Amino acid sequence: MSNSLTSGALYASRLARVRQEMQRRSIDAALLSVGHDLPYLTGYYAMPLERLTMLVVTQDSVATLIVPRLEAPRVTPFDDVFRVVPWGETENPVEIVAKHLGGAKCIAVGDQMWARFLVELMGFVSGACFVRAVDVVGPLRMVKDAAEIAALQAAGAAADRVAVQLQAGNIPLVGRTEAQVSADISARLIAEGHDVVNFAIVAAGENAASPHHHAGPRVINKDEIVLCDFGGTMNGYCSDITRCVFVGTPSRKITSAYSVLHASHAAGVKAGVVGATCESVDAAARKVIDDAGFGDFFIHRTGHGIGMEAHEDPYMVSGNKLPIAAGHAFSVEPGIYLPGKWGMRLEDIVVATDAGPIAMTNVDHSLVVIN
Ligand code: ZN
Ligand code: ZN
Ligand code: ZN
């Protein structure tokens, strides 16, 4: 992993920006538990345990990381950034958090904090108001720096290499189950450098009409579309790509629908420029599908942000008027889903730059026919 992704100076500067945003919004304390805000700000990934882990950020220059004693050895300390406060099995960690709040009246909490900790905390800080920490950390996390973009690029390139294998016919399809192909794709994602696989959707024929179909015992036959949507995490950053392939000869209906999908995808990518709204990416991709008469069969938003999490802000969806900024990373993934018949989706991750959108995945966009 590149040094610039793990240095104490990086975390100190991110926390300084969080404090600025807190001040601007009159937020006295931010509490970050499980989820990705914590590693973004400290480098520490908390296990999603029933035991409490909490970063307490106030205007003090050093934050406090409250961790279960048995987890403390996993913390890489950055003394100028946060102090580590381990708690023992018989202590009440919520009380320890409350003591570090310094009388905070407005408290931001991370989306993934267990509800039980928030409910217990409310008993210690009567009269405090609670807001979502995404308001202070989200805007920072959305704008990827050069090292983060390089990490997204490396993860995307690894996913691309698996897609190349799929399109080359190196991943056997006909006669195998979706689950077998999914396991094969997962193994290849790891072989290409991913640390973990986040998902490997394989959906054949009518199953492809369910966008998040769970790969199952269905055997893949000749003359049907196979939708593959897969990605993992590599050095802390995610990949995500969808390609459809066809074994045999696609019908005219399928090839013409696919050309609509391809044009929709291209329009979505082209719209993803700095200054345009997130919803305009969705509108551009959707218009192509609507105009071709498939509008009722494009049943989800056009894209999601991506970074440390496979799905994060910003979302490319009608109603999101956030302007795209240089460094925003997001998917463009229109789909057409005909219930009981077939489905298709085409997805790349792009990063907005002042010179236009850059794709993290680039493998052939066509409906590759495998024989
Ligand atoms: Zn996606
Ligand atoms: Zn995907
Ligand atoms: Zn294309």
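So, here's what we can say about the structure. (Residues numbered from 1 in each chain as written. Chains lettered and ligands numbered in written order. Predicted model: local features only at pLDDT ≥ 70, side-chain atom pairs only at ≥ 80, totals over all residues. Heavy atoms only, no water.)

**Concerning the coordination of the zinc ion (ligand 1)**
Looking at the metal site, the zinc ion (ligand 1) is ligated by Asp-240 (OD), His-304 (NE2), Glu-333 (OE) and Glu-347 (OE), spaced 2.0 to 2.2 Å from it. Considering all 4 donor atoms around the zinc ion (ligand 1), the spread of angles at the metal, 82 to 163°, places the coordination shape in the irregular class. Donor residues binding the zinc ion (ligand 1) come from one chain and are separated in sequence as D-x63-H-x28-E-x13-E. (Donors = N, O, S within 2.8 Å, 3.2 Å for Na, K, Ca; no water. Tetrahedral: all angles 85-135°; square planar, octahedral: opposite > 155°, others 65-115°.)

**Considerations on the sheet that holds strand S5 (residues 106-109)**
Ordered by their spatial adjacency, 6 strands build an open sheet running S4-S3-S2-S1-S5-S6, and the pairing between neighbours is mixed. A single partner strand is all that each edge strand has here, and the edge strands are strand S4 (82-87) and strand S6 (129-132). With strand direction ignored, the average angle separating the axes of adjacent strands in the sheet is 25°. Two strands pair when backbone bridges link them, and strand S2 (residues 54-57) and strand S3 (residues 63-68) are joined in this way by 3 bridges, in the antiparallel orientation. Paired with Val-56 across the two strands is Thr-64, which belongs to S3. The sheet contacts of helix H1 (residues 8-24) involve strand S1 (29-32), S2 and S3, and relative to S2 the element is tilted by about 60°. (Pairing = 2+ DSSP bridges. Helix = DSSP H or I, 4+ residues; strand = E, 2+ residues; numbered from the N terminus. Axes fitted to C-alpha atoms, helices over the stretch in contact; angles between N-to-C directions. Contact = heavy atoms within 4.5 Å.)

**Here we look at the coordination of the zinc ion (ligand 2)**
The protein atoms that coordinate the zinc ion (ligand 2) are Asp-229 (OD), Asp-229 (OD), Asp-240 (OD) and Glu-347 (OE), at distances spanning 2.0 to 2.6 Å. Because the angles between the 4 donor atoms bound to the zinc ion (ligand 2) fall within 55 to 150°, the donor set is best described as irregular. In primary sequence terms, the donor set of the zinc ion (ligand 2) follows D-x10-D-x106-E. Here the zinc ion (ligand 2) and the zinc ion (ligand 1) are spaced 3.1 Å apart, with Asp-240 acting as a shared donor. Placement of Asp-229 in strand S8 (residues 224-234) and of Glu-347 in the loop between strand S15 (342-345) and strand S16 (348-351) is noted, with a sequence separation of 118 residues between them. Judged on exposure class, the residue Asp-229 and its partner Glu-347 are both buried. (Buried < 20%, exposed > 50% of the residue type's maximum accessible area, 1.4 Å probe, protein only.)

**Some points on the packing of aromatic side chains**
A complete count under the given rule lists 2 aromatic pairs for this structure. When the centroid spacing of 6.4 Å and the interplanar angle of 75° are considered together, the rings of Phe-78 and Phe-82 count as edge-to-face. The exposure class of Phe-78 is buried, given its relative accessible area of 18%. The buried category is assigned to Phe-82, whose relative accessible area is 2%. What links up through ring pairs into an aromatic cluster is the set Tyr-11, Phe-78 and Phe-82. Just above the ring of Tyr-40 sits the side chain of Arg-14; from NZ or CZ to the centre is 3.9 Å. Across from the ring centre of Phe-298, 4.0 Å away, lies the NZ or CZ of Arg-286, which sits over that ring. (Phe/Tyr/Trp six-rings, centres within 6.5 Å; stacked < 30°, edge-to-face > 60°. Lys NZ or Arg CZ within 6 Å of the ring centre and 35° of its normal.)

By themselves, these figures tell us nothing about what the structure is for.
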